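Reading the structure
Each chain, letter by letter, is given below.
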Amino acid sequence: DVKVTQSSRYLVKRTGEKVFLECVQDMDHENMFWYRQDPGLGLRLIYFSYDVKMKEKGDIPEGYSVSREKKERFSLILESASTNQTSMYLCASSSPPGGDYGYTFGSGTRLTVV
Amino acid sequence: AQSVTQLDSQVPVFEEAPVELRCNYSSSVSVYLFWYVQYPNQGLQLLLKYLSGSTLVKGINGFEAEFNKSQTSFHLRKPSVHISDTAEYFCAVPIIQGAQKLVFGQGTRLTINP
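Residues numbered from 1 in each chain as written. Chains lettered and ligands numbered in written order. Predicted model: local features only at pLDDT ≥ 70, side-chain atom pairs only at ≥ 80, totals over all residues. Heavy atoms only, no water.

Before going further, it helps to examine the overall build of chain A. Scanning chain A from N- to C-terminus turns up 0 helices and 11 strands. Here the C-alpha radius of gyration of chain A, 13 Å, is about what a compact globule of 114 residues would show, namely 13 Å. Projected onto its principal axes, the C-alpha coordinates of chain A cover approximately 45 × 30 × 25 Å. Burial status across chain A gives 49% buried among its 114 residues. In chain A, the proportion of contacts linking residues at least 24 apart, taken out of those at least 6 apart, comes to 55%. Total accessible area on chain A stands at roughly 5500 Å², and carbon and sulfur atoms take up 49% of it. Separation between the mean location of the 15 positive side-chain charges and that of the 15 negative ones in chain A comes to 7 Å. (Helix = DSSP H or I, 4+ residues; strand = E, 2+ residues; numbered from the N terminus. Rg over C-alpha atoms; globule rule 2.2 N^0.38 Å. Buried < 20%, exposed > 50% of the residue type's maximum accessible area, 1.4 Å probe, protein only. Contact = heavy atoms within 4.5 Å. Areas by Shrake-Rupley, 256 points an atom, 1.4 Å probe, with all protein chains shown as cover. Lys, Arg positive; Asp, Glu negative; His and termini not counted. Charge placed at Lys NZ, Arg CZ, Asp CG, Glu CD.)

The subject of this paragraph is the interface of chain A and chain B. Taken together, the contact pairs 26 residues of chain A with 20 residues of chain B. Of the roughly 1700 Å² buried between chain A and chain B on both sides combined, carbon and sulfur atoms contribute 52%. For the pair chain A and chain B, the interface holds 0 salt bridges. At the level of secondary structure, the elements contributing two or more residues to the side of chain A that touches chain B comprise β4 (31-38), β5 (42-51), β9 (87-95) and β10 (102-105) of chain A. Residues that form the side of chain A that touches chain B fall into these classes: 14 nonpolar, 9 polar and 3 charged. (Buried area = accessible area lost by both parts, 1.4 Å probe. Salt bridge = Lys/Arg side-chain N within 4 Å of Asp/Glu carboxyl O. Nonpolar A, V, L, I, M, F, W, Y, C, P; charged D, E, K, R; others polar.)

Residue and element names in this part refer to chain B. Not every positive phi belongs to a glycine, and Glu16 is a case in point at roughly 75 degrees. As for its placement among the helices and strands, Glu16 is situated in the loop between β2 (10-14) and β3 (19-21). Glu16 sits in the exposed class, given a relative accessible area of 62%. With a phi angle near 45 degrees, Thr72 is a residue other than glycine that sits in the positive phi range. Considering the arrangement of structural elements, one finds Thr72 in the loop between β8 (64-68) and β9 (73-78).

Structure below.
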């Protein structure tokens with residue numbers, strides 16, 4: 001089974017800190033995604049990457065950046081954390097149609113910014 | 001771009017009762033469709049998917065969904081629910097056919113009462 005591992009389940013950070021959320025997948029998937037999930041708003045795409053060093057903005061990229069230096073690792077960076085970035089962050093990876101199409105999600109990181 | 005609509009934000013049912021969670025998609029052409037489940041404080045897990053073939057798709061934990069092209073629906077059903085089915089359920093479709101980006105519905109929170 002594909003595994004997507006997010007490095008932290010819970011994080012508490014201070015306003016203004018630079019925050020790194022790490023995600024690693026072990027099945028050689030080309031595509032990786034970062035979502036945030038908030039009550040009543042569902043899942044919103046922040047960034048996705050379709051190859052090493054390739055990235056594309058999602059629906060809510062402001063205040064975030066990403067890094068994909070290796071195929072298995074996709075990092076989400078909060079440049080200067082703010083309280084409105086308190087949320088559940090979900091990482092996912094996927095393979096193309098024809099294979100085991102669909103996302104595999106990590107367990108999520110619940111980030112609180114104080 | 002394709003989209004999905006989950007018609008119910010919350011569905012309360014009694015244990016051992018049947019349940020149907022509704023999902024309608026926007027495209028009139030062939031689509032791939034997915035249902036994901038999110039248990040409390042966890043990431044999303046693939047429940048089932050329709051890519052082609054039989055319109056009745058069976059998934060994990062006794063769930064099934066039926067692809068109905070004329071109704072543009074992909075409703076999720078279970079004949080008898082258990083307390084452990086308490087979770088949030090998300091319907092998803094690729095943003096365009098064959099794309100890697102999935103668009104998620106707003107989610108349906110299924111609550112099972114004893």
